[in-house]
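Okay, here's what each chain looks like letter by letter:
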Amino acid sequence: MNHNSVCLEREAFCCSICLDLLKDPVTIPCGHSYCMNCIQSHWNREDERRIHSCPQCRKTLTPRPVLVKNTMLAHLVEQLKKAGLQAAPADHCYAGPEDVACDVCTGRKLKAFKSCMQCLASYCKKHLQLHYDVPRLKKHKLVEPSKNLQDNICSRHDEVMKMFCRTDQQSVCYLCSVDGHKGHDIVSAAAERTERQRELQESLQQILQRVQDREGDVKLLQQQVEAISRSADKTVEDSEKIFTELIRLIQKRSSDVKQQVRSQQEGEVSRVTERQEELEQEITELKRKAAELEQLSQTEDHNHFVHNYRSLSALNESTHSSSINIRPLRYFEDVTAAVSELRDKLQDTLRQTWTNISLSEVDVLLSEPEPQTRAGFLQYSCELTLDPNTAYIQLKLSEGNRKVTCVTRPQPYFDHPDRFTDKFQVLNRESLTGRCYWEVECGRERLVFVAVTYKSINSEGSYKECLFGQNDKSWALYCYPSGYGFCHNNIYKEVPVSRSSRVGVYLDHRAGILSFYRVSETMTLLHRVQTTFTEPLYAGIMIYHTGSSCELLRVK
């Protein structure tokens, strides 16, 4: 018995009330069969009306039929049970907690197949059959199973809400339209659905278009990821080759220097040794002659002395000067100095090259636009602290090194190469890269410089070398009591805006954007810089009026 036939036979021998195999089957006059207990319970509920009907075809049965067990049908059911159909329908046929259950099923309910918008009930396939067979029910609107059918009932009038009030934007029943919503713009729910369906389609098209656009963007970004990976792999490979060649070149130069020094050593040692041997031979000859003269001076034979004196006293002329001239003891120090100089130059080159490499960033995505509101800026806010190692000796730091005050008494700072020695200036401690925003409370009365600078700005020297805004390493907003001015590389520009007590600074290092804002009820742009930053940046403050102070604010 194949699976399909089992399913078909089981349907034919199931009670349409309990949906299980027939138990003590009985056949009523209309021809439908039920479990004896199921049909009796059904008719017991109908006793009050004294009208009994078939649950399937709704045929009226008068009087109440006398039930007799259908022995042939009972025998067939027993045979089916022996064939393996004793089990109840598969669990997936029954309604779970998340499913819509049939409103007609008794006992364990089956899943609903459709919901009727007129009956406001849900039906399984078996109990839905009447909607396909009965002409009056065929006109009902069937929809996918819904748990929200009761939402279509007016809570006030207990009527189906078939209308929509556009004035109050809510579904209403017919009685509502002539009662609480009288005079309102009311249309049928179907008409409102048609209108909203048109809007939905437009929204859907926009969403689908956006999905298509985003999918294109994702594909483009994926291509960029692959391109970045290929470029990075090639760069690493090429860099390794270049550094290997550089190391090989340095090793070869090291070998050349070693060979040259050893060659010169060998030549010079050979020449000096040769001269040394000549001198030693001359010394031996002179000692021999000195011994002969000594012996001659001891003779008592005057004639012998006179006869041999001239031949013994005459010295052979030396082939070398009487003295040895030695250069100062430098030997190969010049080579060492030259190699040291090469090392220093190479270190400088590597240091500068590494700085350029560190600042080389891959900009795949365009930088986000500059914020337009203070709330937008605050998402990039950063807490800065001032660096005591850079503060001029008459600048006092407080409030966790966020506030600086100009004082008359020098502060007990230690000597440090980064300290400003002539200008009343101080830098913050943390380097600034990426996107940053901070605010400075600088009052309104005295002159204050709010600056951004490279750390490489001179800490001592001339006015143009050290003062914020007077060189190509710093950008400064000059805050006067009456307004503002901006200066960079000794080029000054007046900013005709009345001064507030607070200045906001926005930096996008990668995009090369630096902006100064007047912060009050609104953000007023004072000056924007568009350039290329080649080093990390630092915030700077300059004040020199005794008693004046500025503070880096916490604005998160």
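One numbering rule holds for all chains: residues counted from 1, following each sequence as written. At least 70 in pLDDT is required for a residue's local features to be given in this predicted model, at least 80 for side-chain atom pairs to be given and counted, and no such filter applies to totals for whole chains, interfaces and linings, which use all residues. In computing side-chain values, all of the structure's heavy atoms are included and hydrogens and water are not.

1. Looking at the sheet that holds strand β14 (residues 435–441)
And step 1. Any two strands with at least two DSSP-identified bridges between them are counted as paired. Strands here are runs of E lasting at least two residues and helices are runs of H or I lasting at least four, both read from the DSSP assignment and numbered beginning at the N terminus. Taken in spatial order, the 7 strands line up as β11-β12-β23-β14-β19-β20-β21 in an open sheet, and their pairing is antiparallel. If you trace the sheet from one side to the other, it starts and ends with β11 (395–398) and β21 (523–530), each paired once. Strand after strand, the sheet turns through a mean of 20° between neighbouring axes, direction not considered.
And step 2. One ladder, built from 3 bridges, connects strand β12 (residues 403–406) with strand β23 (residues 549–552); its direction is antiparallel. Across the sheet, the residue bridging to Val404 is Cys550, located in β23. Axis definition: a line fitted to C-alpha atoms, limited for helices to the stretch in contact. Angles are taken between N-to-C directions and run from 0 to 180 degrees.

2. With respect to the sheet that holds strand β8 (residues 163–165)
And step 1. Overall, antiparallel pairing links the 3 strands, which are arranged β9-β8-β10 in an open sheet. Two strands close off the open sheet at either side, each with one partner strand: β9 (170–172) and β10 (186–188). Between one strand axis and the next, the sheet turns through 35° on average, direction left out of account.
And step 2. With 3 bridges connecting them, β8 and β9 associate as antiparallel partners. Within the sheet, the bridge partner assigned to Cys165 lies in β9 and is Gln170.

3. Some thoughts on the UniProt feature "coiled-coil region" (unreviewed entry) in the protein chain
And step 1. UniProt positions are given in the numbering used here, feature names are shortened, and annotations may be inferred rather than shown by experiment. As recorded in UniProt, the feature "coiled-coil region" (unreviewed entry) lies at residues 262–303.
And step 2. The span residues 262–303 carries 90% helix and 0% strand; its end-to-end C-alpha distance comes to 60 Å.

4. Quick look at the pairing of β21
And step 1. Where strand β20 (residues 513–519) and β21 come together, 7 bridges link them in antiparallel fashion. Bridging across to β21, Ile513 finds its partner in Gln530.
And step 2. In this structure, the hairpin formed by β20 and β21 is closed by a connection of 3 residues.

5. Remarks on the side chain of His181
And step 1. Position of His181 among the secondary structure elements: in the loop between α6 (174–177) and β10.
And step 2. Note on His181: relative accessible area 9%, which makes it buried.
And step 3. Distance and chemistry together define a polar contact, namely a pair of N or O atoms within 3.5 Å, with one atom able to donate a hydrogen and the other to accept it when in protein, and with adjacent residues in sequence counting only for side-chain atoms on both sides. Among the polar contacts listed, one links the side chain of His181 to the side chain of Asp168, at a separation of 2.9 Å.
And step 4. The contact definition used throughout considers only heavy atoms, calling two residues in contact when any of these lie within 4.5 Å. Ignoring sequence-local partners within four residues, the contact set of His181 consists of Cys165, Asp168, Gln170, Val172, Cys176 and Ile186. With a 1.4 Å probe rolled over the protein chains alone, any residue whose accessible area is under 20% of its type maximum counts as buried; one over 50% counts as exposed, and the rest are partly exposed.

6. Regarding the pairing of β23
And step 1. In β23, alternate side chains face the same way, and those of Cys550 and Leu552 are buried while those of Ser549 and Glu551 on the opposite face are not.
And step 2. Inspection of the sheet shows β14 paired to β23 by 2 bridges, in the antiparallel sense. Residue pairing across strands places Val440 opposite Leu552, the latter belonging to β23.

7. Description of the domain arrangement of the protein chain
For interface size, the figure often reported is the accessible area lost on association.
And step 1. Partitioning the protein chain into structural domains gives domain 1 (4–84), domain 2 (195–297) and domain 3 (374–553).
And step 2. Domain delimitation in this document rests on an assignment produced automatically or drawn from a domain database. Computed from C-alpha coordinates alone, the two centres of domain 2 and domain 3 are separated by 42 Å.

8. Quick look at helix α2 (residues 36–46)
And step 1. Listed as buried for α2 are Cys38, Ile39, His42, Trp43 and Glu46. Summarising the axial view, the buried residues of α2 lie within an arc of 125°, below the 170-degree limit, and thus occupy one face. Opposite the packed face of α2, turned more than 90 degrees from it, sit the exposed residues Asn37 and Arg45.
And step 2. On its buried face, α2 sits against β1 (25–27), β2 (33–35), β3 (52–53) and β4 (60–61). This arc is built from the directions going out from the helix axis to the C-beta atoms.

9. Topic: the packing of aromatic side chains
We describe a pair of aromatic rings using the distance from one ring centre to the other and the angle between the two ring planes.
And step 1. Centre distance within 6.5 Å is the pairing criterion for rings of Phe, Tyr and Trp, where only the six-membered ring of Trp is used; planes under 30 degrees apart are then read as stacked, over 60 as edge-to-face, and the remainder as tilted. Enumeration over the complete set of coordinates arrives at 14 aromatic pairs.
And step 2. A positively charged side chain is recorded as over a ring if its NZ (Lys) or CZ (Arg) lies within 6 Å of the ring centre. The angle to the ring normal must also be within 35 degrees. Sitting above the plane of the Phe113 ring, Lys114 keeps its charged end 5.7 Å from the centroid.
And step 3. Its end group placed over the ring of Tyr538, Lys455 keeps NZ or CZ at 4.8 Å from the ring centre.

10. Some details on the pattern of salt bridges
And step 1. Any Lys or Arg side-chain nitrogen found within 4 Å of a carboxyl oxygen on Asp or Glu counts as a salt bridge. Within this structure, the stated rule accounts for 24 salt bridges.
And step 2. We note a salt bridge from Asp256 to Lys252, for which the minimum N-O separation is 3.3 Å. One end of the pair is Asp256 and the other is Lys252, both in helix α7 (residues 189–297) and 4 residues apart, which spans about a single turn.
And step 3. Taking relative accessible area as the criterion, Lys252 reaches 46% and is therefore assigned partly exposed.
And step 4. The salt bridge partner of Glu383 is Arg554, with a shortest N-O separation of 3.7 Å. Within this pair, whereas Glu383 is found in the loop between α10 (374–378) and β11, its partner Arg554 is found in the segment after β23, the two being separated by 171 residues in sequence.
And step 5. The class for Glu383 is partly exposed, based on a relative accessible area of 42%.
And step 6. What makes Arg554 exposed here is its relative accessible area of 56%.

11. Focus: the UniProt feature "domain: B box-type" (unreviewed entry) in the protein chain
And step 1. UniProt's feature table lists "domain: B box-type" (unreviewed entry) at residues 149–189, given in the numbering used throughout.
And step 2. For residues 149–189, the helix share is 12%, the strand share is 22%, and the end-to-end C-alpha distance is 15 Å.

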